[in-house]
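# Examining the three-dimensional arrangement
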Amino acid sequence: MWLFFIVSVLLALVTIELYYRFGKAGRLIRKIPGPKPWPLVGNILSYFQTPEKLFIYQRYLNKHYGDVNQIHLSLAIRMVNISNPQDIEIVLSGSEHNYKDHPYIYLMNWLREGLLVSNGIKWFQRRKMLTKAFHFNILQKYFVTFKEEAEHFQKVVQEEVRKQQTNLLPFLSSTTLRIMCETAMGSTHENMQSLMSKYFSSLEDIGDCFTKRIVAPWLHLEPIYQLTSLAKKENIAVKYLHGLTNSVVKSRRNFLAERNFNQFDNDGECNNKEKLAMLDLLLKNEKSGLIDHEGIREEVDTFMFAGHDTTATAMTFMLMTLANEPIIQDKIYAEICEIFGETDRAVTTEDLNLMKYLECCIKESLRLHPSAPIIARYLRQDTVLGGYTVPANTTCLIYIYDLHRRADLYPEPERFIPERFLPENCAKRHPFAYVPFSAGPRNCIGQKFAMMEMKTVMCALLRKFRVVPVTKPSDLVFKSDVVLRTVHPIYVQFRAR
C-alpha cells in the first residue's frame, strides 16, 4: 500500500515537472536567459539565503544574464526580471499589465485590498476617489502641515548638534510619521512617542515576515504559513496596526460629526479653511456608500505606510550622500540663501518652486537609492519583452535599482551628479529610464505630495544646519525588503551653521 502511494506521488511529481518544462509556457520561458532550474524546486535554493545575499544575487542575475532574464521560485512561480526602459515602458505604460499578484499578496493580511495591492474595478474606483486628495489646491493645504512639522524638526535637530552621530532613519521616520498622522488622519496621536516606537517595530516585523515568506515556497500557501511562528509574529503586528487605524478613524469620524462640517463639497472640492486630512475624503465617500469602514482602514493603512516610510528612506540616503558631498551641499545652501537672503521668514510654496538645484539633488538621490528598488506586475497574457515571448501568468519584476545604474543611461552611474536632472540634460532621456515613483496608470499617487514634503523638510534642515559624514557610501550593505534597506544604520553628524 505504502509502495503504491509513494509510486503514485512520484509519478504525479514527474508529470507536473514534464508539464511545466515542456508545455507551451515552459518552452517559452526557457528561451529566456537565466540560471538552470533544478527539477521540481526550480531555482529556490538560490533564493533561500540571507536578505543581504539575496540583494546581491538579484544584482548578479542582471549583470550575468542581461537585462531580460528569468528565474523559477518553484514549478508554479516563474519570474522574468527586466531593467531596460523599452521593456519597462511596455509593462507600465498601458492598462493591460496593471495586475498585481506575487509578491504583493503577502502584504494582504495587513493592507487587505488597499490601493497598493488591489486590482480591477476596485483599484480603479479607489484610485479615482483618492486622486482628489492630491489635487493642487489640496496640496497647498497639506503644505501648512509640512511647514509646521519642518519647523518642529529644526528644534529636534538642534538637540542632535552636540552628539557625535545620529541614526538617520528612525530620526527622519519620526518626522514623516508625524506629517502623515496630520495629513492622513487629521491630528497627531496623544502619545506620539509611544505610538512611533510600537508602529516602527510592527512595520519591521511585517517586513521581516514578508522577505522570509517570499523565499520559502512552502510558506506561499496560506494554511501552511498560518501554522508557523512567522505568521504568529505577523498577526500580532497586523492586529496592532489595524487597532491603531480603527481608533483614529473612529476618532476623526466623531470629531467631524461633533463639529458638523465637511471638508469637501459634492464634487470633491475642498471647501473650508480647516486643516485637511485625506481621511475626511474617505469618510465623505462612506456617507455616499462608495466605501465602507474596512475600505477606509485599508487606505489609511496604505497611506500611513507608503507615505512615511518611503520619504524617510529617501531623505536618509540623501542626507548621507550630501554629508559626503560638501561642495554639492554648499550649492544647495547657496540656492537657499539666494531665495531667503538675510531674512528668517517662513518658507512658501513659491519658494519651493525656486529650489531647482535642491530638486535635482532629490531626483539624483532617488536615482541612486530608489525607495522601492523592485516593483512587480503579473502578466496575464503573452508579452514580448527584449525579443522574447514571456508566457501568460508570469510575474514580471522591474529592477528599478539596476535601471537607474545603467552606464548607457547615466555615465559614471555610481557618482552623485545632480546636474543629470537639469532640463537640458534629461530632455533626450527615455521617459522610462527614471521611475522612482513607478510610472503609467499605477504610478505613485502621492509623488507630488512626497516631493513637496521632501523639499520643505530638506530646506528647513539645510537652512540651519550642516551635515557632516559618518557613514560613507562605500559602507552601505543593502538587503532585500519591502523598501530599500541597509544591514547597518546610516549615521551623520549635525552642526549648526
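Here, every reference points to the structure presented above.
From a predicted model like this one, the values you see are computed outputs, not experimental measurements.

If you walk through the whole model with that rule in mind, you get 18 aromatic pairs. Plain terms: the ring middles of Tyr 60 and Tyr 65 are 6.2 Å apart, the flat faces sit at 85° to each other, and that makes the pair edge-to-face. Where Trp 110 meets Phe 305, the ring centres are 5.0 Å apart and the plane angle is 65°; that geometry is what we call edge-to-face. Placement of the pair is Trp 110 in helix H6 (residues 108-111) and Phe 305 in helix H14 (residues 293-323), with a sequence separation of 195 residues. Among the residues examined, Trp 110 registers a relative accessible area of 3% and is labelled buried. The structure contains a cluster of three or more aromatic residues connected by ring pairs, namely Phe 134, Tyr 142, Phe 146, Phe 303 and Phe 449. A cation sits over an aromatic face here: Arg 497 above Tyr 333, 3.8 Å from the ring centre.

Right, let's talk about the side chain of His 102 for a bit. For His 102, the position within the fold is in the loop between helix H5 (85-93) and H6. Exposure remark for His 102: the relative accessible area of 4% places this residue in the buried category. Of note is the side chain of His 102, whose polar atom sits 3.3 Å from the side chain of Tyr 106. Setting aside residues no more than four positions away along its own chain, His 102 makes contact with Leu 73, Ile 77, Met 79, His 220, Ala 376 and Thr 395.

Note: strand S3 (residues 166-167) against strand S11 (residues 491-496), two bridges, orientation antiparallel. The residue of S11 that forms the bridge with Asn 167 is Tyr 491.

Turning next to the state of the cysteines. A covalent bond between the sulfur atoms of two cysteines is what we call a disulfide. Here the structure, examined in full by the defined rule, presents zero disulfides. Unpaired in terms of disulfides, Cys 426 finds its nearest cysteine sulfur in Cys 360, a separation of 7.6 Å. Assessed through its relative accessible area of 26%, Cys 426 is described here as partly exposed.

So, about the sheet that holds strand S8 (residues 465-469). Pairing is antiparallel across the open sheet formed by three strands, whose spatial order is S3-S11-S8. This sheet does not close on itself; its edge strands, each paired only once, are S3 and S8. Running at roughly 80° to S8, H14 makes contact with S8 and S11 of the sheet.

Quick notes on the rules
- Residues numbered from 1 in each chain as written.
- Predicted model: local features only at pLDDT ≥ 70, side-chain atom pairs only at ≥ 80, totals over all residues.
- Heavy atoms only, no water.
- Phe/Tyr/Trp six-rings, centres within 6.5 Å; stacked < 30°, edge-to-face > 60°.
- Helix = DSSP H or I, 4+ residues; strand = E, 2+ residues; numbered from the N terminus.
- Buried < 20%, exposed > 50% of the residue type's maximum accessible area, 1.4 Å probe, protein only.
- Lys NZ or Arg CZ within 6 Å of the ring centre and 35° of its normal.
- Polar contact = N/O pair within 3.5 Å; in protein donor to acceptor, adjacent residues only side chain to side chain.
- Contact = heavy atoms within 4.5 Å.
- Pairing = 2+ DSSP bridges.
- Disulfide = S-S within 2.5 Å.
- Axes fitted to C-alpha atoms, helices over the stretch in contact; angles between N-to-C directions.

All we've got here are geometric facts, nothing functional implied.
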